[in-house]
Amino acid sequence: MEDRNAVDEPLLANSADAAEESLHEVPETASNDLGGLFIWALTLSAGISGLLFGYDTGVISATLVSIKTDLSGQVLTTMQKSVITSSTSLFALFASPLAGVFADRLGRKNVILVADVLFTVGALIQALTSTVFGMVVGRSVVGLAVGAASMVAPLYISELAPSELRGRLVTILSLFITGGQVVAYVIGWLFSYMPGGWRWIVGLGVVPALGQLVLLAFLPESPRWLVQAGRNVQAKAVLIRVFGSDPHAERKAAKVLRAIEDDVSEETAELGSTKTSGLNKAKRTLIELCGVGGNRRALIIAMMLQALQQLCGFNSLMYFSATIFQSLSFSSPTLTSLAVAGTNFLFTLLAFSLIDRIGRRRILLLSIPFMIIALLCCALSFYGLDSTHSLSLSDGDQAEAPEASSIPLLILLFITLYTAAYAVGLGNVPWQQSELFPLSVRSLGSALATATNWGSNFIVGLTFLSMMETLSPGWTFVVYALVCTIGLGCIWFIYPEMSGMSLEEVKDLLSDGWGVEESLKRRSSRG
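No experiment lies behind these values; they were computed from the predicted model shown. Numbers given to residues run from 1 along each chain, matching the order in which its sequence is written. This being a predicted model, a pLDDT of at least 70 is required before a residue's local features are given, and a value of 80 or more before pairs of side-chain atoms are given or counted; all residues contribute to the totals for chains, interfaces and linings. The side-chain values count all of the structure's non-hydrogen atoms but skip hydrogen atoms and water molecules.

Moving on: helix α10 (residues 232-243). Helix and strand labels come from DSSP, where a helix needs a run of H or I of at least four residues and a strand needs a run of E of at least two; each type is numbered from the N terminus. A helix is expected to span 1.5 Å for every residue after the first. Taking 1.5 Å of rise per residue, 12 residues should cover 16 Å, and α10 covers 17 Å from first to last C-alpha, within 8% of that figure. Within α10 the residues assigned to the buried category are Ala235, Val238, Leu239, Val242 and Phe243. Looking straight down α10, one finds its buried side chains confined to an arc of 135 degrees; they lie on one side. Buried residues are those whose accessible area, probed at 1.4 Å on protein chains only, stays under 20% of the maximum for their type, while exposed residues exceed 50% and partly exposed ones sit between those limits. An arc is given here, and it is the one of the directions from the helix axis to the C-beta atoms.

Spelled out as C-alpha cells, the structure:
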C-alpha cells in the first residue's frame, strides 16, 4: 500500500497515474508552503467562475418577484417565469459539451475568459431590456456562460490538485457557487424595495466577471494542456511554480512533466495522428468513452449523480424560493429566501471539512435520507394548510395565508433542513466527476456529465411552478422525495468510495465492475 504521508506524492491529479512511482524517488523535504499557496491562489481565482455561476442562478429568485409590470407592461405569468428561468439551464446544456471540446482545443484558461465575456454581456442585456423576450435572451447568454464555466472550472482545478486535497479543492468551487447565491439574495433584498431595483440586481453580475477577466492575466494554463499544445517549456515553468520553494522543485517538475508527456503521447497514439480533425478526434474519444467498460461505468456514475443533483428539486428552491414564500404571505419573501441560501453556504463549508475524511459515498448515504424526510415533511405541511387557502404562484392574484398559522414557518424549517442535507452531500459530490475519468476521455466525460446536470436543471426549472399548480405543492415534494429514494438506491449499488485514491486506483477499480465492495475494503484498510 502506498505511503499517503510522503511529501513527494504527485501533485497533479491528472499526472498522478504515471508520476507516482518516480516521484517517490525524490528525497523527502520540508513542507512546501509556497507551492501550497500557489495552488490555493489558482483555485480561488478559478473559483470566481463558481461565484458567477451562483450569482446568476440565485439572482433570478428576487428578480421574479421584483419585476412586477416592468417587462412588456404586464404581470409575469407562471409560464413566462418558467421560460425566463429555464432558458439559462437550456443554453447551459448546449454550452457544457461544447466547452469540453474547446477546452481541449483552446485551453482551459481561454474558455474561462470567453465565459466571463458572456457573463458580462448577458448581465447588461438583462439590466437594459424592457421586454420578456429581451430578458429571455439575456438569461440565455448567461446560460452559455454558466454552462462553460461549470464544466471547465472543476476540470481546471482538478488538473492542479494534489490527490489528498482534490475533494476539498473542488468543493471550494461549490463554496463559491453557494456564496454567489448568498450574495444574490442579499443584493436582491437590498434592491427589492427600489422601483426598477431588479435591473441593479441582474446588472451587478458584471462586477465579478470583470474582476476575473483581470485575474486571468495572472493565471497560468493547465500544464497538461500546455504539453498537449507542444508548449512544454511553459508547462515546466508552471510546475516549478506549483512546487514553490521546495529545494527539489525543478527535479520534481521535470519528472511530472515527463509523465504528462508520456500520457499525451499515449493518447495521441490511440487517437491517431495529431493532424486528425477536431471532429474525428471527438468521435474517437466518444467511442473510447462509451466502448471501454471502465470509461462507460465512470460516465454512468457521473451522469447519475449530476441528474440526481438536479432532479431532487433543489434548484427549484434557488429559482423560486421568493415566489414560494410570497405565496405563503411572508412579509419579506426575498429576505426569507436568504435563510435558504445562507444554510446552503454554511453546510457547504461543513462539506469542505468532511468530504475527504468521511468519503464521497458515505456522505451521500448519510445525507440523502435527511433530504427525503424533509421533503415528505414539507409535503405533509402543505397538506396541513387550511383547505380554503389556495397557493397562488403568479403575481397577479395572491391569496392570504390563514392568520396565526404556524404551518408556513414549519415549511420554512423543513426546506432549511432539506437544504442543509443537500449542501453536505449532493451539492458537492457530483462535481468530483473529473476523478472518475482517465486522461484521454476526461474532458468529454466531464462535459457530458455537466450537460446531464443542465438538462435536468432545465426540466426542473420549466416544470416546477406547473407541478405546484397542477399536482399541488404536497405531491410536488413527494415526487422529489421519490427521486431521492431512487437515487439513494443507485448510489448504494454502483457508486464506489474513491476518497484518498489516486486516479490510477480509480481507473483499476472500475475496469472490471462497479468496484463498490473492493473500494470499501480499501477504505477500511486505510483506516
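Our next topic: the pattern of salt bridges. Where charged atoms of side chains with opposite charge meet at close range, the side chains can pair. In the sections that follow, a salt bridge refers to a side-chain nitrogen of Lys or Arg positioned within 4 Å of a carboxyl oxygen of Asp or Glu. In total, this model carries 2 salt bridges according to the counting rule given. Between Asp104 and Arg108 there is a salt bridge, and its shortest N-O distance comes to 3.1 Å. Classification of Asp104 as partly exposed rests on a relative accessible area of 28%. With relative accessibility at 1%, the residue Arg108 sits in the buried group.

Throughout, an axis means a line fitted to C-alpha atoms (over the contacting stretch in the case of helices), and angles, computed between N-to-C directions, take values from 0 to 180 degrees. One can describe the packing of helix α15 (residues 333-358) onto helix α17 (residues 407-424) by two numbers: an axis separation of 8 Å at closest approach and a directional angle of 30 degrees. One finds that α15 runs roughly parallel with respect to α17. Like other packed secondary-structure pairs, α15 and α17 cross with a definite hand, here right-handed. Along its contact with α15, which presents Thr336, Val340, Thr343, Asn344, Phe347, Thr348, Leu350 and Ala351, the element α17 presents Leu412, Ile415, Thr416, Thr419, Ala420, Tyr422, Ala423 and Val424. By the convention adopted, Pro, Cys, Tyr, Trp, Phe, Met, Ile, Leu, Val and Ala count as nonpolar, Lys, Arg, Asp and Glu as charged, and the other residues, Gly among them, as polar. Residues of the contact of α15 with α17, tallied by class, amount to 10 nonpolar, 6 polar and no charged. An angle below 35 degrees is treated as roughly parallel, one above 145 as roughly antiparallel, one from 65 to 115 as roughly perpendicular, and anything else as oblique. When the near helix sits turned anticlockwise from the far one by under a right angle, the crossing is termed left-handed; a clockwise turn instead gives a right-handed crossing. It only takes one pair of heavy atoms within 4.5 Å for two residues to be counted as in contact.

Attention now moves to helix α3 (residues 78-106). Between its terminal C-alpha atoms α3 stretches 41 Å, which fits the 42 Å expected from 29 residues at 1.5 Å a residue. Think of it this way: the bend at a residue is just the angle between two axes, each fitted to seven residues, one set ending at that residue and the other starting at it. Taken as a whole, α3 carries its principal kink of about 35 degrees at Ser86. Phi turns positive one or two residues past the end of α3, at Gly107, with a value near 105 degrees.

A separate point is the packing of aromatic side chains. For Phe, Tyr and Trp, where Trp contributes only its six-membered ring, two rings pair if their centres lie within 6.5 Å, and the inter-plane angle classes them as stacked under 30 degrees, edge-to-face over 60, or tilted in between. Summed over all chains, the structure comprises 9 aromatic pairs. Taking 3.9 Å as the distance between ring centres and 10 degrees as the angle between the ring planes, the aromatic pair formed by Phe314 and Tyr422 counts as stacked. In this pair, Phe314 is assigned in helix α14 (residues 314-327) and Tyr422 in helix α17, connecting sequence segments 108 residues apart. Judged by relative accessible area, which is 2%, Phe314 ranks as buried.

With that settled, the discussion passes to empty space enclosed by the protein. Whether a set of points on the 1 Å grid over the protein atoms alone is a cavity depends on a 1.4 Å probe fitting there but being unable to get out, while an open set qualifies as a pocket with protein on both sides within 12 Å along at least five of seven lines; lining residues are those with an atom within 4 Å of a point. Grid points are joined across faces, edges and corners, and a volume is the space filled by probe spheres set on the points. Evaluation of the coordinates by the stated rule reveals 5 cavities of 30 Å³ or more. Considered as a void within the structure, the largest cavity measures approximately 180 Å³ in volume. Surrounding the largest cavity, 17 residues form its lining, Ile177, Gln181, Tyr422, Gly427 and Trp431 being those nearest its centre. Put simply, the parts of the chain that give the lining of the largest cavity at least two residues each are α2 (33-66), α6 (166-191), α13 (293-311), α14, α15 and α17. Ranked by residue count, the leading element in the lining of the largest cavity is α6, at 4 residues. Per-class residue counts for the lining of the largest cavity are 6 nonpolar, 11 polar and no charged. Mapped onto the domain boundaries, the lining of the largest cavity takes at least three residues apiece from domain 1 (33-219) and domain 2 (278-389 + 405-526). In this document the domain limits rely on a domain assignment from an automatic tool or a database.

Side chains that are nonpolar tend, in soluble globular proteins, to be buried together. Buried Ala, Val, Leu, Ile, Met, Phe, Trp, Tyr and Cys residues that are joined via side-chain atoms within 4.5 Å together make up what is termed a nonpolar core. Counting 134 residues, the largest nonpolar core has Phe119, Leu364, Ile368, Met371 and Ile491 as the members making the most contacts within it. In this view, Met371 contacts Cys312, Tyr418, Ala421, Tyr422, Leu426 and Cys484; residues no more than four positions away in its chain are not counted.

When two cysteine sulfur atoms are found within 2.5 Å, that pair is recorded as a disulfide. A full pass over the atoms with the stated rule returns 0 disulfides. Here Cys378 is not cross-linked by a disulfide; its sulfur's nearest cysteine counterpart is in Cys377, at 7.5 Å.

Here the focus is the side chain of Ser367. In this structure, Ser367 sits in helix α16 (residues 360-384). Judged by relative accessible area, which is 5%, Ser367 ranks as buried. Nitrogen and oxygen atoms within 3.5 Å of one another constitute a polar contact, given that in protein one can donate a hydrogen and the other can accept it, and given that sequence-neighbouring residues count only through two side-chain atoms. A distance of 2.8 Å separates a polar side-chain atom of Ser367 from the backbone oxygen of Ile363. When near neighbours in sequence (up to four residues on either side) are disregarded, Ser367 contacts Ala421 and Gly425.

A few words on the confidence of the model for the protein chain. On average, residues of the protein chain score 80 in pLDDT, and 83% of them reach the 70 mark or higher. What pLDDT reports is the predictor's confidence in each residue, on a scale of 0 through 100. Across the protein chain, helix α19 (residues 473-494) holds the top mean pLDDT of 95, while helix α1 (residues 16-23) sits lowest at 41. Within the model, pLDDT remains below 50 along residues 1-35, and this stretch shows 97 contacts once partners closer than five positions in the same chain are excluded.

Of note, Ser87 is situated in helix α3. The class for Ser87 is buried, based on a relative accessible area of 5%. Beyond its immediate sequence surroundings of up to four residues, Ser87 is in contact with Val136, Arg139 and Ser140.

Attention shifts here to the environment of Leu289. Turning to its location among the elements, Leu289 is positioned in helix α12 (residues 278-291). Note on Leu289: relative accessible area 0%, which makes it buried. Considered as a pair, Leu289 and Val441 are 152 residues apart in the sequence and their alpha carbons are 6.0 Å apart. Excluding residues that lie within four positions of it along the chain, Leu289 makes contacts with Asn295, Arg296, Leu299, Phe437, Val441, Leu444, Gly445 and Leu448.

The next point concerns a nonpolar patch on the surface. On the surface, a cluster of nonpolar side chains totalling about 290 Å² of accessible area is made up of Leu113, Val114, Val117 and Val121. With a relative accessible area of 40%, Val117 lands in the partly exposed category. Distance thresholds for patches are 9 Å for like charges and 5 Å for nonpolar side chains (Val, Leu, Ile, Met, Phe, Trp, Tyr), applied to residues having over 30% relative accessible area and no salt bridge. Computed by Shrake-Rupley with a 1.4 Å probe, the accessible areas treat only the displayed protein chains as cover when residues are assessed.

It is at 8 Å that the axes of helix α4 (residues 108-128) and helix α5 (residues 132-158) come closest, and there the two elements cross at 155 degrees. Relative to α5, α4 is oriented roughly antiparallel. The two elements α4 and α5 cross, and the hand of that crossing is left-handed.

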